[in-house]
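# Coordinates in review
Below are the chains, spelled out letter by letter.
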Amino acid sequence: MEKVWWKHGVIYQIYPRSFKDSNSDGIGDINGIIQSLDYLQDLGIDGIWLSPIYRSPMYDFGYDVSDYCDIDPVFGTIHDFKRLVKEAEKRNIAIIMDMVFNHTSHLHPWFLESRSSKDNPRRDWYIWHPSKNGKVPNNWMAAFGGRAWEWDDNTKEYYLHLFTKQQPDLNWRNPNVKKAMFDVLKFWLDMGVRGFRFDVINLLVKGRQFRNNPYKLRLTNPRRHDQQLHTFDRNQPETHDILKEMRVLLDSYGDIMSIGEIYLDEGVKDPSIPALFLGNNDELHLSFNFSTIFASFKSNELKNILIEWYSAIGNRGWPCHVLSNHDQSRAITRMAKNNIDKAKLLAVLLLTQRGTPFIYYGEEIGMVDGDIPRKYIQDPVGKKYWPFHKGRDRARTPMQWDATQFAGFSKVRPWLPVHPDYRAVNVGTQEQDENSILTLYRQLIALRKQNPVLYAGDIEFLPAPDDVMCYVRSLGNMQYIVALNFSSRDKQITLQNKYTVLLSTHKKNNMRNGILTLAGYEAVICALQ
Ligand code: GLC
């Protein structure tokens, strides 16, 4: 059995602003994360992916970096960070940094130099174009609203920004950009970081000709960015060359993990594109398939998504799975409609797949989306598109630690409102409750750790009654069956061999004479006797 930590591990995403505030300024910080490490160790996770904590003017809450080699004072200092790595290491937890390579902040010194004059040596580090007959260079749109080109009056040219205008895109065709960013990777690797999540990595290189993107035939989305096919501003072949070079660098540091965010239009379920960025096992180690994030609570739909994902990956690399992140509505709200039994079923689904599961902070206690009034909205996307798109703040509300004021997240009013359900939904209460979703997450992670068949075994989906998903996991002579009832009614499955129930979300053992009866929304794991 291959003992690579990120292959058998469970990764936990922290959105640092919202996790734990140690210095009472209403914003989560590194010392807050350090204080929470025992909790994370008990949960059983192997790695923490931190959304960006670098210096940033925070136009996009850290996804606009102004210094890649320093920590933003709102989160702490580089010394706090070193302590985090050390304390995490003591608990066998790896730290994974979020690398925003596509763009920097408009206040990054590189961009300040670049925009200072046309002959500045760093001019070509960003993407500058003159106007075309008095108009923008092409029809590209920014994902967060408006044109992707911003006029700079000083040098009389446009610069490209595929997100906000405070996030100018770097020019990765310039080898000096690549060198500078590889140096950034080395900086963090030398500090003990064990992995990287690469932000919108498929956007890195732009089409050389800067041709207009074609329009989709059916225009259903008011966001103009989503009306285009991103033929020329995404997924260019040169990105793969860069990833191959980067893989060599990362692998030279040992068992480092890289995972890419492959940015597709919202709702698009296409596993072939994320799979492409694994190369032939020589680009990213892992890549996110957001098909599961855009799925509904339907056994057939989810089954097909998983089958397609495994087959798209084939031997290219290693699978990974995710249901929630900081950009989307939480799975428990989106898919499970805030129903805790459905959320538990999703937990079993996530943690019994082959490959590496990603858990988003709060998912393990069943945190649901916040309903944030317009006046409290912080996210630039929400500000721009309200009420068509209320933005991403709903999935970024403060972690609910206990039933005290502000959910134990902070002593003062947090940067985003705490969800009002915190008195019932919090870590403290659920730790005492053997039927809580937190207890289930702990059991599932522990089970996974003890049984390689769960993280590394083959997976085969079995025929099952309507609304039931059933799969067998096998490794050597170990065999597990997972059965998930997506309906509210009892369902029965006849099993060929003799199995015993290891775990049931309903604490039941309805196995009689080889027939397993599942209650509504029950999820069961059985082992071959
Ligand atoms: C990614 C991040 C998102 C960010 C965007 C621009 O999609 O996940 O939070 O706003 O990239 O960096």
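For the structure given in this document, a descriptive report is provided here. (Residues numbered from 1 in each chain as written. Predicted model: local features only at pLDDT ≥ 70, side-chain atom pairs only at ≥ 80, totals over all residues. Heavy atoms only, no water.)

From N to C terminus, the protein includes 15 helices and 21 strands. Over its C-alpha atoms the protein spans a radius of gyration of 23 Å, differing by no more than 12% from the 24 Å that the globule rule assigns to 529 residues. Based on the C-alpha atoms only, the size of the protein along its principal axes is roughly 80 × 50 × 45 Å. Split into buried and exposed, the 529 residues of the protein put 63% on the buried side. Pairs at least 24 apart in sequence give 68% of the contacts found in the protein among residues at least 6 apart. A total accessible area of about 20,600 Å² is found for the protein, and carbon and sulfur atoms account for 48% of it. (Helix = DSSP H or I, 4+ residues; strand = E, 2+ residues; numbered from the N terminus. Rg over C-alpha atoms; globule rule 2.2 N^0.38 Å. Buried < 20%, exposed > 50% of the residue type's maximum accessible area, 1.4 Å probe, protein only. Contact = heavy atoms within 4.5 Å. Areas by Shrake-Rupley, 256 points an atom, 1.4 Å probe, with all protein chains shown as cover.)

Attention now moves to the packing of aromatic side chains. Scanning all chains against the criterion turns up 33 aromatic pairs. Geometrically, the ring pair formed by Tyr68 and Trp110 is stacked, given 6.0 Å between the ring centres and 20° between the ring planes. One end of the pair, Tyr68, is in strand β4 (residues 67-71); the other, Trp110, is in helix α5 (residues 109-116), with 42 residues separating them in the sequence. On the numbers, 5.6 Å between centres and 70° between planes, the contact of Trp128 with Tyr159 is edge-to-face. With a gap of 31 residues between them, Trp128 in strand β6 (residues 128-129) and Tyr159 in strand β8 (residues 157-160) connect regions that are remote in the sequence. Among the residues examined, Trp128 registers a relative accessible area of 11% and is labelled buried. According to the relative accessible area criterion, Tyr159 is buried, its value standing at 3%. These aromatic residues form a ring-pair network of at least three members: Tyr54, Tyr68, Phe81, Trp110, Trp125, Phe187 and Trp188. The ring of Trp128 has Arg123 sitting right over it, with the charged end atom 3.7 Å from the ring centre. (Phe/Tyr/Trp six-rings, centres within 6.5 Å; stacked < 30°, edge-to-face > 60°. Lys NZ or Arg CZ within 6 Å of the ring centre and 35° of its normal.)

With their axes 10 Å apart at the nearest point, helix α11 (residues 340-351) and helix α14 (residues 437-450) run at an angle of 15° to one another. Regarding the angle of α11 to α14, the classification is roughly parallel. In this structure, α11 crosses over α14, and the sense of that crossing is right-handed. Residues Ile340, Ala343, Lys344, Ala347, Val348, Leu350 and Leu351 of α11 form the contact with α14, whose participating residues are Ile437, Leu440, Tyr441, Leu444, Ile445 and Arg448. Grouping the amino acids of the contact of α11 with α14 by side-chain chemistry returns 11 nonpolar, no polar and 2 charged. (Axes fitted to C-alpha atoms, helices over the stretch in contact; angles between N-to-C directions. Parallel < 35°, antiparallel > 145°, perpendicular 65-115°, else oblique. Left-handed = near helix turned anticlockwise from the far one by under 90°. Nonpolar A, V, L, I, M, F, W, Y, C, P; charged D, E, K, R; others polar.)

Tyr12, Leu40, Phe81, Trp188 and Phe196 are the most contacted members of the largest nonpolar core, which has 132 residues in total. Those residues in contact with Phe196, other than ones at most four positions away along the chain, are Ile96, Met97, Met99, Leu185, Trp188, Leu189, Leu250, Ile256, Met257, Ser258 and Ile259. Counting 20 residues, the second-largest nonpolar core is a separate cluster that includes Ile96, Trp318, Val322 and Phe358. (Core = buried A, V, L, I, M, F, W, Y, C linked by side-chain atoms within 4.5 Å.)

Our next topic: the packing of helix α6 (residues 175-190) against helix α7 (residues 237-251). Relative orientation of the contacting elements α6 and α7 amounts to 30°, with a least axis distance of 11 Å. As judged from the angle between their axes, α6 and α7 are roughly parallel. You can see that α6 and α7 cross each other, and the crossing is right-handed. For the pair α6 and α7, the contacting residues are Lys178, Phe182, Leu185, Lys186 and Leu189 in the first and Ile242, Glu245, Met246, Leu249 and Leu250 in the second. Residue composition of the contact of α6 with α7, grouped by class: 7 nonpolar, no polar and 3 charged.

For the rest of this paragraph, the subject is the environment of Arg17. As for its placement among the helices and strands, Arg17 is situated in the loop between β1 (11-14) and α2 (30-35). For the pair Arg17 and Val268, spaced 251 residues apart in sequence, the C-alpha separation works out to 28 Å. Setting aside its immediate chain neighbours within four residues, Arg17 contacts Ile27, Gly28, Met58, Phe61, Phe75, Phe409 and Trp415.

It is worth spelling out α5 at this point. Given 3.6 residues to a turn, an α-helix orients residues that are three or four positions apart in the same direction. Trp110, Phe111 and Ser114 are the residues of α5 that are buried. With its buried residues spanning 90° around the axis, α5 presents them on a single face. Contacts from the buried residues of α5 go to β4, β6, β8 and α6. (Arc of directions from axis to C-beta.)

Another point: the site of the ligand. What surrounds the ligand is a group of 15 residues, the closest being Asp60, Asp199, Glu261, His326 and Asp327. Take His103: an N or O atom from its side chain is 2.9 Å from an oxygen atom of the ligand. A distance of 2.9 Å separates an oxygen atom of the ligand from a polar side-chain atom of His326. For the ligand, the protein covers 99% of the area, taking 300 Å² as the surface of the free molecule. For the ligand, the cavity whose grid points lie within 2 Å of the majority of its atoms is the largest cavity. In terms of residue class, the shell around the ligand is made up of 5 nonpolar, 3 polar and 7 charged. (Near = heavy atom within 4 Å. Polar contact = N/O pair within 3.5 Å; in protein donor to acceptor, adjacent residues only side chain to side chain. 1 Å grid on protein atoms, 1.4 Å probe; cavity = no way out; pocket = protein on both sides within 12 Å on 5 of 7 lines; lining within 4 Å. Sits in = over half its atoms within 2 Å of the grid points.)

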